[in-house]
Number of protein chains: 2
Amino acid sequence: MIQELIEIVGRENFTDQLEELVPYSYDASMNVHRPDAAVWPESTEQVSAIVKFANEHHIAVVPRGAGTSLSGGVVPIRGGIIIDLSKMNRILEISIEDRFARVQAGVVCDGLNRELGKSGFIFPPDPASSSVATIGGNVATNAGGIKGAKYGTTRDYVLGLEVVLPTGEVMRTGSYTMKCVSGYDLARLFIGAEGTLGVITEVTLKINPVPRHAMTAVATYARLEDAGKAISQTMTSGILPSVMEIMDKVTLKSIRENTDIDLPEAEAMILAETDGFTWEEVEAQMEVILAILGKNGPVEIKTARDEKDRLNLWRARKSAYATLARVSSSFTLDDVTVPISRIPELLVGIQEISKKYDIVVATFGHAGDGNLHPQILFDEYDADQVERMKKVEEEIFRLAIGLKGTLSGEHGIGLSKAAYMTLEHDPVEMALMRLIKKTLDPNNIMNPGKRALD
Amino acid sequence: MIQELIEIVGRENFTDQLEELVPYSYDASMNVHRPDAAVWPESTEQVSAIVKFANEHHIAVVPRGAGTSLSGGVVPIRGGIIIDLSKMNRILEISIEDRFARVQAGVVCDGLNRELGKSGFIFPPDPASSSVATIGGNVATNAGGIKGAKYGTTRDYVLGLEVVLPTGEVMRTGSYTMKCVSGYDLARLFIGAEGTLGVITEVTLKINPVPRHAMTAVATYARLEDAGKAISQTMTSGILPSVMEIMDKVTLKSIRENTDIDLPEAEAMILAETDGFTWEEVEAQMEVILAILGKNGPVEIKTARDEKDRLNLWRARKSAYATLARVSSSFTLDDVTVPISRIPELLVGIQEISKKYDIVVATFGHAGDGNLHPQILFDEYDADQVERMKKVEEEIFRLAIGLKGTLSGEHGIGLSKAAYMTLEHDPVEMALMRLIKKTLDPNNIMNPGKRALD
């Protein structure tokens, strides 16, 4: 195996050294498993040769971008070969007049957006990890982010893909055009497949003009149901906020106690933004939101127009994850998603589960699209806490699904949620997912052990 | 067969009478073939039983909405059973605060939008057939329309589906939430599959607030390249027009000669719209467009803000298809799509092909997303013209694909373009499409004979 892989990628692009494999045993979740080798291919041809070799020898292959998965998506639970795509990081083509960018899978999201920004354009999905996360990873997980309510998720921007199939064959699918209905939408079969059907090597993305102006408002509420009403009323008001975030009282308390950010005691905080081509558009939409925020009994409302003041209002929301990560030795960050009007029920339910098991859960996330992030705090060296954390997580999943929601809005299923797939998906749907996996990847080499597919 | 089908749907919902089957032999294309029977199921359970029966007996099944396909998508080329979904026409649920509508497949697009309009919301895709076309048909073809450049196509709005698989099993997939990455994106496998993988019985759609204001501009150009420059400059200007249409000189001549619409002699006409929540937003975007239209040497520019004047500017564009259909005994309407900057080359190339074969081709369509509609005029009772028309069509397909375009932006492949699939899709991609078809539908009962899949 070693010789064959070295022949394909060169000695400098291969490792089976323990110290180099350790980082590839992890992602941003709690899952750990070491691969047998890692390679850094520099071309699609090399990826193809690696996969062909792995398929012939029934060796597991796990494609990896920046490894920011929160669900164990890139942890090689069956060992095998990590294909690190970070050296395939070239922007191949930007055509502003044709509204697309064609990039290798290893291009970093923010890097692409810096380049597009020079022409006033953007690839809108904005996962929190965008400063390191790769486009290939975005596509493999159908990454979302903060602006999903108005701008959708990665799948809405993928025009075409180059994919190395589990046989090693290279397939190009999709188009360079805004519309294409020729044949099956194979691209979207690989988008969000978490590397279980092939290795994405190249992506053609639709791009948007950057909105010229934006305005931010923050409102805190002493009663959660008032915040819930404000969200529902905003979403039915006829405007589409570009951002509509929520933080619960546990999150707010942690930020208040662990940072110098000035926050009132409150049950919930909403952060909303509007954007547009003109200030009038931005302000008129914000007026609608401010009227709604105001009439639902807020403790406090703040607004900001210029960049510096806006970033200041964002400080609490941006520090939520890191603050919570710092106050706890271990944590699990989930991403259950519910219909927008069920957010208050989800938040109340999570707090009841938290009390029942005496495990702290702080929840924040994207109220505008119903995608919340319960961050479950525990100590991984305390077996009893680990046991209770697992129960908390399972009950949160059951709660979200009971509210007509889903296990995962943007982090993926990976390893962490594989055991819960059948809570959400009935036997007919599970059978079709498994049939597709088995048909495309009969030797089960592509990121095996994930998503309850094998 | 007759007895079994009558038992499933009832005598009143079954026919094998010639006079009732004749309309099911056609769609809006030139393709013709009679089915053996037609049924009007009233529930998913009935559809399931029909498909199960058909699968056991290897009988072809063709799901049909309003039959507005321009590609032979619903013509039962292998006979069998037409499943007409027009009786499954209930809007099951509209949740404005959760931003979704759940409907049966037979609901008519405009009917849904009238209902949503009461709350100020809309399902944005707007195919020209929306007054009769069904949501099921929209989803099966991934329908587009005039506003694709800004608002995307049907696939961008589908949250979840209920599908009867070729086995007769009923599968629910997707979500009621704005974001969902749990498992494979099976919904998008059926979106745009033209009924070749199953029967779509229910659809959950994301809905948008209706933009409050819009403004329209029309500009004519004596030189095609000037119109092309105006389009490219608009698309790179940082604004996203909600509409950007183009008509070529042949289309304009036909409208001028066959209607009372006052049009200057010109090589091309552009119709553009901007929309927004405020008039300021609409006007500021329109100013950018007007400046671009103006600096490229137009013959004439007209603008309109109020509904009546706007509809007046739309008259020429809206009458293009019908006027052309009236001046010719037969016609084929295609929907090749190219990267936006290649539109002038496509238009010039189409005119060269038209001259070469002495067949009139009028082209109009959606410049903002590169999706053009060459309408090829001929006499179907003149064998020589038919022969030349076919050559014209094939050369247009080759031209579009050579310009990095696609056979079909919104009408689908169906029968009409099946023979050209391999021009666009290489053997690896074709093999995967066929593998998926064979895996899901091993008896090839679902809309067989389409898309070069069997």
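Just above, that's the structure.
Since the model is a prediction, treat every value here as computed from it, not as a measurement.

## Some thoughts on the overall build of chain A
Within chain A, the regular secondary structure consists of 15 helices and 18 strands. Rg of the C-alpha trace for chain A: 22 Å, near the compact-globule value of 22 Å for 454 residues, within the 12% margin. Residue burial in chain A is summarised as follows: out of 454 residues, 66% are buried. Intrachain contacts of chain A at a sequence separation of at least 6 include 71% that bridge at least 24 residues. Total accessible area on chain A is roughly 15800 Å²; 50% of this is exposed by carbon and sulfur atoms. Within chain A, the 63 negative side-chain charges are centred at a point lying 2 Å from the centre of the 47 positive side-chain charges.

## Regarding the sheet that holds strand S14 (residues 268-276) of chain A
All names here are of chain A. If you trace the seven strands from one edge of the open sheet to the other, you get S15-S12-S14-S13-S17-S18-S16, paired in antiparallel fashion. Single-partner strands in this sheet number two, and they are strand S15 (298-304) and strand S16 (330-333). Sheet twist, expressed as the average angle between the axes of neighbouring strands with direction ignored, equals 15 degrees. Bridge analysis of S16 against strand S18 (residues 371-378) gives four bridges, and the strand direction is antiparallel. Counterpart to Leu333 in the pairing with S18 is Gln375. Where helix H13 (residues 383-402) meets the sheet, its contacts fall on S16, strand S17 (361-366) and S18, and the angle it forms with S18 comes to roughly 165 degrees.

## A word on the relation of the copies chain A and chain B
Once chain A is rotated about the relating axis by 180 degrees and shifted along it by 0.0 Å, it coincides with chain B to within an RMSD of 0.0 Å. The superposition operator between the copies reduces to a two-fold rotation axis. Mapped onto chain B, 100% of the interface residues of chain A again fall at the interface, so both copies present the same surface.

## Brief notes about unusual backbone geometry
Phi angles above zero are rare outside glycine, and Arg99 of chain A is one such case at about 60 degrees. Residue position: Arg99 of chain A is located in the loop between strand S5 (91-95) and strand S6 (100-104). Its identity is not glycine, yet Lys404 of chain B carries a phi of approximately 65 degrees, on the positive side. By secondary structure assignment, the location of Lys404 of chain B is in the loop between helix H13 (383-402) and helix H14 (421-424).

## Here's the deal with the nonpolar core
One finds Ile135, Leu161 and Phe190 of chain A together with Ile135, Leu161 and Phe190 of chain B to be the most contacted residues of the largest nonpolar core, which totals 189 residues. Those residues in contact with Ile135 of chain B that lie beyond four places of it in its chain are Val103, Ala105, Val107, Cys109, Leu112, Phe123, Val203 and Leu205 of chain B.

## Description of helix H4 (residues 109-117) of chain A
Residue and element names in this part refer to chain A. Turning to H4, its buried residues are Cys109, Leu112, Asn113 and Leu116. Viewed along the axis of H4, the buried residues span an arc of 95 degrees, placing them on a single side of the element. As for H4, its buried residues are in contact with S5, S6, strand S7 (121-122), helix H5 (135-141) and strand S10 (199-206).

## Regarding the pairing of S17 of chain A
Residues and elements named next belong to chain A. The buried fraction of S17 is high, at six of six residues. Looking at chain direction, S17 and S18 are connected through six bridges and run antiparallel. Residue pairing for S18: Thr363 is matched across the bridge by Pro374.

## What to know about the pairing of S14 of chain A
Every regular strand shows the same layout, with side chains that alternate between the two sheet faces. Residue and element names in this part refer to chain A. Of all the nine residues making up S14, nine are buried; the element is thus mostly covered by neighbouring parts of the structure. Note that strand S13 (residues 243-248) and S14 share six bridges and pair antiparallel. Counterpart to Glu245 in the pairing with S14 is Leu271.

## Things to note about the packing of helix H15 (residues 427-440) of chain A against helix H15 (residues 427-440) of chain B
The N-to-C vectors of H15 of chain A and H15 of chain B enclose an angle of 135 degrees; their axes lie 11 Å apart at closest approach. As summarised for this structure, H15 of chain A and H15 of chain B are arranged oblique, according to the angle between their axes. Considering the relative orientation of H15 of chain A and H15 of chain B, their crossing is right-handed. Contacts from Leu432, Leu435, Thr439 and Leu440 of chain A of H15 of chain A reach H15 of chain B at Leu432, Leu435, Thr439 and Leu440 of chain B. Of the residues contributing to the contact of H15 of chain A with H15 of chain B, the split by class is six nonpolar, two polar and no charged.

## Things to note about the sheet that holds strand S9 (residues 170-174) of chain A
Residues and elements named next belong to chain A. In space, the five strands of this open sheet follow the order S5-S6-S10-S8-S9, with antiparallel pairing throughout. The two strands at the open ends of the sheet, each matched to only one other strand, are S5 and S9. For this sheet, the mean inter-axis angle between neighbouring strands, taken without regard to orientation, is 10 degrees. As defined by bridge partners, S5 adjoins S6 across four bridges and the pair is classed as antiparallel. Directly across from Ile91, in S6, lies its bridge partner Val103. Packed onto the sheet, H4 meets S5, S6 and S10 and runs at close to 35 degrees relative to S5.

## Describing the interface of chain A and chain B
It is common to report an interface's size as the accessible area lost on association of the parts. Across the contact, 93 residues belong to chain A and 94 residues belong to chain B. Area buried by chain A at its contact with chain B is led by Lys179, Val181 and Tyr184 of chain A, which between them contribute 13% of it. In this assembly, chain A and chain B are joined by eight salt bridges. Notably, a salt bridge pairs Arg155 of chain B with Asp185 of chain A, separated by 3.4 Å at the nearest N-O pair. Where chain A touches chain B, the interface holds 34 residue pairs in polar contact (both at pLDDT 80 or more). At nine residues, H15 of chain A tops the list of elements feeding residues into the side of chain A that touches chain B. Partitioned by chemical class, the residues of the side of chain A that touches chain B number 37 nonpolar, 33 polar and 23 charged.

## Considering helix H12 (residues 343-357) of chain A
All names here are of chain A. The terminal C-alpha atoms of H12, which comprises 15 residues, lie 21 Å apart, in line with the 21 Å expected from a rise of 1.5 Å per residue. Within H12, the full set of buried residues consists of Ile343, Pro344, Leu346, Leu347, Gly349, Ile350, Gln351, Ile353, Ser354 and Tyr357. Of the surrounding elements, those touching the buried residues of H12 are helix H8 (224-235), S13, helix H9 (249-258), S17, S18 and H13. Once H12 finishes, Asp358 follows within two positions and takes phi at roughly 50 degrees, a positive value.

## As for the side chain of Ser182 of chain B
By secondary structure assignment, the location of Ser182 of chain B is in the loop between strand S9 (170-174) and helix H7 (187-190). Of note is the side chain of Ser182 of chain B, whose polar atom sits 3.2 Å from the side chain of Glu424 of chain A. A distance of 2.7 Å separates polar atoms of two side chains, one belonging to Ser182 of chain B and the other to His425 of chain A. Those residues within four positions of Ser182 of chain B in sequence are excluded, and the remaining contacts are Thr406, Leu407, Ser408, Ile413, Met421, Glu424, His425 and Met433 of chain A.

## Focus on the pattern of salt bridges
Counted by the stated rule, this structure contains 62 salt bridges over all chains. Of the charged contacts in the structure, one is a salt bridge between Glu42 of chain A and Lys87 of chain A, with a shortest N-O distance of 4.0 Å. Of the two residues, Glu42 of chain A is situated in the loop between strand S2 (37-39) and helix H3 (44-56) and Lys87 of chain A in the loop between strand S4 (81-84) and S5; the sequence distance between them amounts to 45 residues. Exposure remark for Glu42 of chain A: the relative accessible area of 41% places this residue in the partly exposed category. We classify Lys87 of chain A as partly exposed; its relative accessible area is 37%. The partner of Arg451 of chain B in a salt bridge is Glu194 of chain B, with the nearest N and O atoms 2.5 Å apart. Note that Arg451 of chain B is positioned in the segment after H15 and Glu194 of chain B in the loop between H7 and strand S10 (199-206), a separation of 257 residues in sequence.

## What about the packing of aromatic side chains?
Summed over all chains, the structure comprises 10 aromatic pairs over all chains. Their ring planes at 90 degrees and their centres at 6.1 Å tell us that Phe123 of chain B and Tyr157 of chain B sit as a pair that is edge-to-face. Within this pair, whereas Phe123 of chain B is found in the loop between strand S7 (121-122) and helix H5 (135-141), its partner Tyr157 of chain B is found in the loop between helix H6 (148-151) and strand S8 (158-164), the two being separated by 34 residues in sequence. With relative accessibility at 1%, the residue Phe123 of chain B sits in the buried group. With relative accessibility at 5%, the residue Tyr157 of chain B sits in the buried group. Looking at Lys318 of chain A, its charged tip hangs above the ring of Trp314 of chain A, at a distance of 5.2 Å from the centre.

Definitions and limits used
- Residues numbered from 1 in each chain as written.
- Chains lettered and ligands numbered in written order.
- Predicted model: local features only at pLDDT ≥ 70, side-chain atom pairs only at ≥ 80, totals over all residues.
- Heavy atoms only, no water.
- Helix = DSSP H or I, 4+ residues; strand = E, 2+ residues; numbered from the N terminus.
- Rg over C-alpha atoms; globule rule 2.2 N^0.38 Å.
- Buried < 20%, exposed > 50% of the residue type's maximum accessible area, 1.4 Å probe, protein only.
- Contact = heavy atoms within 4.5 Å.
- Areas by Shrake-Rupley, 256 points an atom, 1.4 Å probe, with all protein chains shown as cover.
- Lys, Arg positive; Asp, Glu negative; His and termini not counted.
- Charge placed at Lys NZ, Arg CZ, Asp CG, Glu CD.
- Pairing = 2+ DSSP bridges.
- Axes fitted to C-alpha atoms, helices over the stretch in contact; angles between N-to-C directions.
- Least-squares fit on C-alpha atoms with pLDDT ≥ 70 in both.
- Core = buried A, V, L, I, M, F, W, Y, C linked by side-chain atoms within 4.5 Å.
- Arc of directions from axis to C-beta.
- Parallel < 35°, antiparallel > 145°, perpendicular 65-115°, else oblique.
- Left-handed = near helix turned anticlockwise from the far one by under 90°.
- Nonpolar A, V, L, I, M, F, W, Y, C, P; charged D, E, K, R; others polar.
- Buried area = accessible area lost by both parts, 1.4 Å probe.
- Salt bridge = Lys/Arg side-chain N within 4 Å of Asp/Glu carboxyl O.
- Polar contact = N/O pair within 3.5 Å; in protein donor to acceptor, adjacent residues only side chain to side chain.
- Expected span 1.5 Å × (residues − 1).
- Phe/Tyr/Trp six-rings, centres within 6.5 Å; stacked < 30°, edge-to-face > 60°.
- Lys NZ or Arg CZ within 6 Å of the ring centre and 35° of its normal.

Read these as geometric descriptors, not functional statements.
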